[in-house]
Amino acid sequence: MDLASLTASELAQWLCRGEIGAEEVTRAFVARVKQYEPAVGAFLTFDPEKALEQAAEVDRRRREGKPVGPLAGLPVAIKDNICTTDWKTTCASKILANFRPPFDATVVCRLRAGDAVLVGKTNMDEFAMGGSTELSAFKVTRNPWDLSRVPGGSSGGAAAAVAAGMVPLSVGSDTGGSIRQPAALCGVTGLKPTYGRVSRFGLVAFASSLDQIGPLARTAEDVALLLEVLAGHDPLDATSANREVPPYRELIQQPLPTIRLGLLVDQLGEGVDTDVAQAIREAVKVFANLGVEVKEVRLLHHRLAVACYYIIATSEASSNLARYDGVHYGYRCDEHRMEEQLAEERRRWAEKGPSSVAEEPDPPMVRLYRKTRAEGFGAEVKRRIMLGTYALSAGYYEAYYLHAAKVRRLIREEYDRTFQEVSALIGPVTPTGAFAIGEKIQDPLAMYLFDAFTVGANLAGIAAVSIPCGQTREGLPVGLHLQGPPFAEPLLLQLAYWFQRETDWHRRRPTLPAPDKPAL
Ligand code: GLN
């Protein structure tokens, strides 16, 4: 039996009945990671010893008849922007390359309390800024369906690890699509919960009014299983919702209620790959066969979503990332060299006057900040800090930030109105399947436009899920986007669950190269 091919829910049943042990399960997944990680590159930290220790502890407690949590014995990978005391939390940035947090994020505490087996940290775009995982300071992650293509991002490592069968469950973060988009490109199921549903205490902030942590897995049922553990109020996160966590797994298996879905027809036309549009239309038929009414709808403000998102996200990022100053923690430039250079410049300035150096030397503190940040951040992160600083500057604030905040309100209101007419919206997650590594790297605007369908849900704070619903002619996965009102996770996952009962897209697996063959 290939344990790594089972879903988390299936494994949980086997474990619960005592037919297999947590150590056996963990060994099977560790073996997969060892086999395929050299080709895929999903992890920044992988710690099989610690994983096996946790698994042995679960087995011991079960043998002794002690109670165990809902994730007992299930391997879980965590995106590297979520704080863990066991391992470094680098955000895939040089500036945090050696940062080992002194505390666990709330979701990590909850996973531990749920007896999950934590196996390591997954790769991402630096500070979650990006949509391809090519912008990690450490390595590129490859799409298990085609190793010459990106897995999407920024939670690319998390999605690729699930797609390659290296873990049954992983935890990512989504500021503008970073869970749903890689889930779509890697053919797995990923949920961006409602803003406030999952605590963000210990998530390294990118854009605080948009960031959410959420689950990735193979099926809607597995996503529900993981969400039950992750979700809940947390006094340490002032934005976390004080609302009960529903029994998602139980709810999603109930028969579908009589509802109407809205098909986002504007997301099936120009600029969208015909194979993607076709897969979405096929998905509509599946829902129709399930007795769900589907009506065409249009969101007029959506053409403004990308522009609005990139003002708000960069503005917040420019403020959040001010803390990486080389003083408090993280990377610091070589001070000795800096002092030497400064002394030299001062000497020249004093001797030969202002024309001998470019400008009057900065005081050492300013220079330390400047050099540390110049060396520690990658180009995309710097671009965003500059854009955000500009948008928040006196004289530009009203024209950019304030304007974007108003557009954001219109987007939210349009969703609210639409959800009076339809219970949820369906459409594509991305305009095309996975693109080639390097294809968009020189063109930030093309990369930003790839987020056109996902950023709206973050701006409005609503719930949204991505599920596999087809393949392009190249055999690449296509993701179906289901968006619902705040706290509609049960309905979205129920729709996903019934869709997955009728289709087998979520069951398809990529063919990975035999491990003895060198990857590319
Ligand atoms: N691709 C988007 C961006 O680059 C979304 C990132 C995210 O959700 N973290 O900002």
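Up top is the structure.
Since the structure is predicted, the reported quantities are computational estimates derived from the model, not experimental observations. (Residues numbered from 1 in each chain as written. Predicted model: local features only at pLDDT ≥ 70, side-chain atom pairs only at ≥ 80, totals over all residues. Heavy atoms only, no water.)

Here's the deal with the overall build of the protein
Move 1: Scanning the protein from N- to C-terminus turns up 17 helices and 11 strands.
Move 2: By the compact-globule yardstick of 24 Å for 520 residues, the protein fits well, its C-alpha radius of gyration being 23 Å.
Move 3: Along the first, second and third principal axes, the C-alpha set of the protein runs to 80 × 55 × 50 Å.
Move 4: Looking at the 520 residues of the protein, the share that counts as buried comes to 59%.
Move 5: Sequence-distant contacts in the protein: of pairs separated by 6 or more residues, those separated by 24 or more amount to 75%.
Move 6: Total accessible area on the protein is roughly 20500 Å²; 52% of this is exposed by carbon and sulfur atoms.
Move 7: Within the protein, one finds 59 positive and 63 negative side-chain charges whose respective centroids are separated by 1 Å. (Helix = DSSP H or I, 4+ residues; strand = E, 2+ residues; numbered from the N terminus. Rg over C-alpha atoms; globule rule 2.2 N^0.38 Å. Buried < 20%, exposed > 50% of the residue type's maximum accessible area, 1.4 Å probe, protein only. Contact = heavy atoms within 4.5 Å. Areas by Shrake-Rupley, 256 points an atom, 1.4 Å probe, with all protein chains shown as cover. Lys, Arg positive; Asp, Glu negative; His and termini not counted. Charge placed at Lys NZ, Arg CZ, Asp CG, Glu CD.)

A closer look at the site of the ligand
Move 1: Around the ligand lies a shell of 14 residues, among which Thr 175, Gly 176, Ser 178, Tyr 309 and Arg 384 are the nearest.
Move 2: Between the ligand and Gly 130 there is a distance of 2.9 Å, counted from an oxygen atom to a backbone nitrogen or oxygen.
Move 3: Ser 178 places a polar side-chain atom, nitrogen or oxygen, 2.6 Å from an oxygen atom of the ligand.
Move 4: Looking at the shell around the ligand residue by residue, the class counts come to five nonpolar, six polar and three charged. (Near = heavy atom within 4 Å. Polar contact = N/O pair within 3.5 Å; in protein donor to acceptor, adjacent residues only side chain to side chain. Nonpolar A, V, L, I, M, F, W, Y, C, P; charged D, E, K, R; others polar.)

Brief notes about the side chain of His 506
Move 1: Note on placement: His 506 falls in the segment after α17 (489-502).
Move 2: Residue contacts for His 506: discarding those within four places in its chain leaves Arg 218, Thr 219, Pro 468 and Gln 500.

Focus: helix α14 (residues 398-421)
Move 1: Given a rise of 1.5 Å per residue, 24 residues ought to cover 34 Å, and the 34 Å separating the end C-alpha atoms of α14 matches this to within 8%.
Move 2: Among the residues of α14, Ala 404, Val 407, Arg 408, Ile 411, Glu 414, Tyr 415, Thr 418 and Phe 419 are the ones counted as buried.
Move 3: Contacts made by the buried residues of α14 are with α10 (305-320), β9 (424-428), α16 (455-460) and β11 (477-484). (Expected span 1.5 Å × (residues − 1).)

Looking at unusual backbone geometry
Move 1: Geometrically, the link from Gly 153 to Ser 154 is a cis peptide bond, its omega value of 5° lying close to zero.
Move 2: Within the secondary structure layout, Ser 154 lies in the loop between β3 (117-122) and α5 (156-163).
Move 3: A positive phi angle, close to 65°, is found at Asp 115, a residue other than glycine.
Move 4: Relative to the helices and strands, Asp 115 resides in the loop between α4 (106-113) and β3.

What about the pairing of strand β4 (residues 169-174)?
Side-chain positions along a regular strand alternate between the two faces of the sheet.
Move 1: For β4, a buried count of six out of six residues is recorded, marking the element as mostly surrounded by other parts of the structure.
Move 2: What you see with β4 is no split at all: Leu 169, Val 171 and Ser 173 on one side and Ser 170, Gly 172 and Asp 174 on the other are buried throughout.
Move 3: Pairing of strand β2 (residues 75-79) with β4 involves three bridges; the strand directions are parallel. Counterpart to Ile 78 in the pairing with β4 is Val 171.
Move 4: Bridge analysis of β4 against strand β6 (residues 212-217) gives six bridges, and the strand direction is antiparallel. Directly across from Asp 174, in β6, lies its bridge partner Gln 212. (Pairing = 2+ DSSP bridges.)

As for the environment of Pro 193
Move 1: Tracing the backbone through its elements, the reader meets Pro 193 in the loop between β5 (189-192) and β6.
Move 2: A relative accessible area of 0% places Pro 193 in the buried class.
Move 3: In this structure Pro 193 touches Val 198, Gln 212, Ile 213, Gly 214, Pro 215, Leu 227, Ile 462, Ala 463 and Glu 489, once residues within four positions along its chain are discounted.

What about the sheet that holds strand β10 (residues 463-471)?
Move 1: Here 11 strands make up an open sheet; going across it, the order is β1-β3-β2-β4-β6-β5-β10-β11-β9-β7-β8 and the pairing mixed. A strand with exactly one partner marks an edge of an open sheet, and here the two such strands are β1 (43-46) and β8 (293-297). Looking at each pair of strands side by side, their axes are set apart by 25° on average, direction ignored.
Move 2: Across two bridges, the pairing between β5 and β6 is antiparallel. By the bridge assignment for β6, Thr 189 is matched with Ala 217.
Move 3: Running over the sheet, helix α7 (residues 220-230) touches β4, β5 and β6 and is turned about 145° from β6.
Move 4: Sitting on the sheet, helix α9 (residues 274-289) is in contact with β7 (260-264), β8, β9, β10 and β11, with an inclination near 55° to β11. (Axes fitted to C-alpha atoms, helices over the stretch in contact; angles between N-to-C directions.)

Digging into the packing of aromatic side chains
Move 1: Applying the stated rule across the entire model yields 17 aromatic pairs.
Move 2: Ring pairs connect the aromatic residues Phe 99, Phe 127, Tyr 324, Tyr 329 and Phe 377, which therefore count as one cluster.
Move 3: Directly above the ring of Phe 487 sits Arg 243, whose terminal nitrogen or CZ lies 3.9 Å from the centroid.
Move 4: Here the basic side chain of Lys 440 rests over the ring of Phe 435, its NZ or CZ set 4.8 Å away from the ring centre. (Phe/Tyr/Trp six-rings, centres within 6.5 Å; stacked < 30°, edge-to-face > 60°. Lys NZ or Arg CZ within 6 Å of the ring centre and 35° of its normal.)

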